[in-house]
Amino acid sequence: MSAHQPRLGYTYVALSDVGRRRTSNQDSGFASQHLLVIADGMGGAAAGDLASSEVMHVVRRLDNPPTGDVIEALAGAVHRANDRLAEVIEDDPSVEGMGTTLTALLWNGTTFGLAHIGDSRAYLMRDGQLHQITKDHTLVQSLVDEGRLTREGARTHPNRSLILRVLLGRDEAEPDLTLIEPHLGDRYLLCSDGLSDMVDDDSIADVLKHAPNVDVAAVELVQRALAGGGADNVTVILGEMVDLDAPADPTLASADGQPMLVGAASEQARPGAGTTRTATNLDVVASSDDEHDGAVSTKVEPTPADPEALRYAPRPPRRFIWLRRLVVLAVIVGLLALAAKLAYDWTQRQYYVGTSDGNVAIFRGIQADVPLIDLDSVEEVTDITVESLPTFRANQVEKGITSTSLDDARDTVEQLRDIATRCADPAQANAPGTECGGVE
Ligand code: CA
């Protein structure tokens, strides 16, 4: 008598909601017996929905009983998906810059392969503990990794939505690839940031731990995202490991074994500009909960400044180069301003003797021609006229006699006064040794 070995499989559900602030759903989701996928599109000429659905249509071709290595299969699919984006962009350059995240679990009957690129997430609830099994390819996550930001700080960081790695139809499309050995009872959640930005890990854990099945968990998670603001499209893909030989719950959405496709990829071919669409895919599991319809129909007008545009950043690092250049420029300007201030202060401790309206005067500052800036000002005007000075002295004063201090300038003025007084006296003016008459 050997213990029963469970034949592992999973129940699954996919659910997507446009959210409260968006007019279109750019997420695409897929769930089947072999494959769970989330793709969160963004960017370009509002072509995020195109990006996520094109990628989804490529990746969902993996939805077959897998014959080989799940990692190889996923890596191949990711590259084909990226090539597909490149093709679409080549056909219509106006969508250049569109991109999508991709997180996928591929099941081979015993093991999951996990492929991940971008900031959608995969979580595992095992034995009552929630684990995030993907790492966000975001700026804030890299700051957290470097110890420069806390996980809490990352939730409110102004650039928290900036993605560093995503599928863009360009070369750099390497996903993280890992194998996962599931346990009976494990619950797996794939979600777009419309969930993880609105609902914190504790709340996600609460739902995954206590919901009776994945259908209820999916609805509860989407409702919490909407209650938390619903600022973005919300998509959740769930799987729960079950024993396929145990009696199945016939009320579950996955009981018929059919795949589920939600979000942008489930809609009609991309409509032209001006066409409006609705993207409420809660009907997928409508039977499990009818209350949510009220919540979903409540929509707020889209904000004109689309915060999602921040994520378009086709080449995010460039922003930081510019930012760095701006900071460097600001530092240089600051240093120059400081140097100018110090220089100006120095000039204001200098004095010279010059002329003001024909009289000898003491000036504070220096004589210099600097456009728009007065580097000197009259400190004291004396009653000595320039005319009363001999020519040589008069010329000196016209040019300005530099002084080391205000007292020094006053001494110079007194010397000039003596000379003027002497030269005004005819008896002294013609005496030998005086400079009156100034011939020099
Ligand atoms: Ca999103």
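You'll find the structure just up there.
Values in this document were obtained by computation on a predicted structure and should not be read as measured data. (Residues numbered from 1 in each chain as written. Predicted model: local features only at pLDDT ≥ 70, side-chain atom pairs only at ≥ 80, totals over all residues. Heavy atoms only, no water.)

## Side note on the overall build of the protein
As a reminder of what qualifies: Helix and strand assignments come from DSSP, with helices taken as H or I runs of at least 4 residues and strands as E runs of at least 2, each series counted from the N terminus. For every residue, the accessible area obtained with a 1.4 Å probe (protein chains only) is divided by the maximum for its type, and the residue is called buried under 20%, exposed over 50%, and partly exposed between those limits. Accessible surface area values rest on a Shrake-Rupley calculation with a 1.4 Å probe, where residue burial reflects the displayed protein chains alone.
If you tally the helices and strands in the protein, you get 13 helices and 16 strands. Relative to its 440 residues, the protein shows a buried fraction of 47%. For the protein, the exposed area adds up to about 22,200 Å²; of that, 53% sits on carbon and sulfur atoms.

## Here we look at the sheet that holds strand β15 (residues 376-385)
Here is the rule: If DSSP finds at least two bridges between two strands, the strands pair. In this analysis an axis means a line fitted to C-alpha atoms, helices contributing only their contacting stretch, and an angle means the value between N-to-C directions, from 0 to 180 degrees.
A sheet is described by the order of its strands in space; here four strands give the open sequence β15-β14-β13-β16, paired in antiparallel fashion. Edge positions in the sheet fall to β15 and β16 (401-403), since each of these pairs with one other strand and no more. Across the sheet, the axes of successive neighbouring strands diverge by a mean angle of 30°, strand direction being ignored. In this structure, strand β13 (residues 351-356) lies alongside strand β14 (residues 359-365), joined through six bridges in antiparallel fashion. Paired with Y352 across the strands is F363, a residue of β14.

## A word on the sheet that holds strand β11 (residues 234-243)
The cut-off we apply is this: A contact between two residues is defined here by any heavy atoms of the two lying within 4.5 Å.
Here five strands make up an open sheet; going across it, the order is β1-β11-β10-β7-β8 and the pairing antiparallel. Of all strands in the sheet, those with a lone pairing partner are β1 (8-17) and β8 (129-132), marking the two edges. Taking each pair of neighbouring strands and ignoring which way they run, the sheet shows an average axis angle of 20°. Bridge count for strand β7 (residues 121-126) against β8 is four bridges, and the pairing is antiparallel. Across the sheet, residue L124 finds its bridge partner in β8, namely H131. Set on the sheet, helix α6 (residues 201-210) makes contact with β7, β8, β10 (187-191) and β11; between it and β7 the angle comes to about 50°.

## Observations regarding the packing of helix α1 (residues 48-59) against helix α2 (residues 70-91)
Describing two packed helices takes the angle between their axes plus the distance from one axis to the other. Applied cut-off: Convention used here: angles under 35 degrees read as roughly parallel, angles over 145 as roughly antiparallel, angles from 65 to 115 as roughly perpendicular, and any remaining angle as oblique. It is the rotation of the near helix from the far one that decides the hand of a crossing: anticlockwise by less than a right angle makes it left-handed, clockwise makes it right-handed.
Contact geometry of α1 with α2 gives a least axis separation of 9 Å together with a crossing angle of 140°. Taken together, the axes of α1 and α2 are oblique relative to one another. Crossing handedness for the pair α1 and α2: right-handed. Facing α1, whose interface residues are L50, A51, E54, V55, V58 and V59, α2 presents A77, R80, A81, R84, L85 and V88.

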